[in-house]
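Single-letter residue listing:
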Amino acid sequence: LRIFRDEPVLERNRLLAAHLARRLEPLRDHPHVADVRQTGMIAAVELVADKATRTAFPSSERRGLRVYLHGLDHGALLRPLGDITYFMPPYVVSTDEIDHLVDTAIAGIERAVSD
């Protein structure tokens, strides 16, 4: 509680959340991204086989797991739930670390949807 009282945690959190939103914005136009949603510092990117029809990839292909594994190989922890990749960074994250998470996720998404 002292930290919340003495430091601008919530203000910093709002700035970091805005940075995360800006970095994720280009994914909205990706042909295999059905949705990008965010509440505060938690964001989600939903992968689909066909954006126009929102047709899902076959669950046996585990595309979200592919993004997760790519992240692990590149020093980023991205949480997959099916074909949705979640970003849940801690409040102590820096903008550079957010950039790394998003860049790694974008590369992982490209790899996951091209296989």
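The structure this text deals with has already been given above.
Note that the structure is a prediction, hence the values are computed from the model and not measured.

Asks: Explain the side chain of His-70 here, please?
Replies: Inspection of the secondary structure assignment puts His-70 in helix H3 (residues 63-73). If we ignore the near neighbours within four places in the chain, the residues touching His-70 are Thr-104, Ala-107, Gly-108 and Arg-111.

Asks: I tried to follow the pattern of salt bridges on my own but got confused; where do I start?
Replies: A side chain of one charge can pair with a side chain of the opposite charge if their charged atoms are brought near each other. Here the structure, examined in full by the defined rule, presents nine salt bridges. As a salt-bridge pair, Asp-99 and Arg-23 come within 2.9 Å of each other at their nearest N and O atoms. Highlighted residues: Asp-99 in helix H4 (residues 95-114) and Arg-23 in helix H2 (residues 9-24), separated in sequence by 76 residues. Put simply, Glu-46 and Arg-54 hold a salt bridge, and the shortest N to O gap is 3.4 Å. Residues joined in a network through salt bridges with shared partners are Asp-35, Arg-37, Glu-46 and Arg-54.

Asks: I keep staring at unusual backbone geometry and nothing clicks. Help me out?
Replies: Note: most peptide bonds trans; most residues except glycine with negative phi. Notably, Arg-54 is not glycine yet its phi reads approximately 60°, a positive angle. Tracing the backbone shows Arg-54 in the loop between strand E2 (42-47) and H3. The backbone of Arg-62 sits at a positive phi, close to 45°, despite the residue not being glycine. Position of Arg-62 among the secondary structure elements: in the loop between E2 and H3.

Conventions and cut-offs
- Residues numbered from 1 in each chain as written.
- Predicted model: local features only at pLDDT ≥ 70, side-chain atom pairs only at ≥ 80, totals over all residues.
- Heavy atoms only, no water.
- Helix = DSSP H or I, 4+ residues; strand = E, 2+ residues; numbered from the N terminus.
- Contact = heavy atoms within 4.5 Å.
- Salt bridge = Lys/Arg side-chain N within 4 Å of Asp/Glu carboxyl O.

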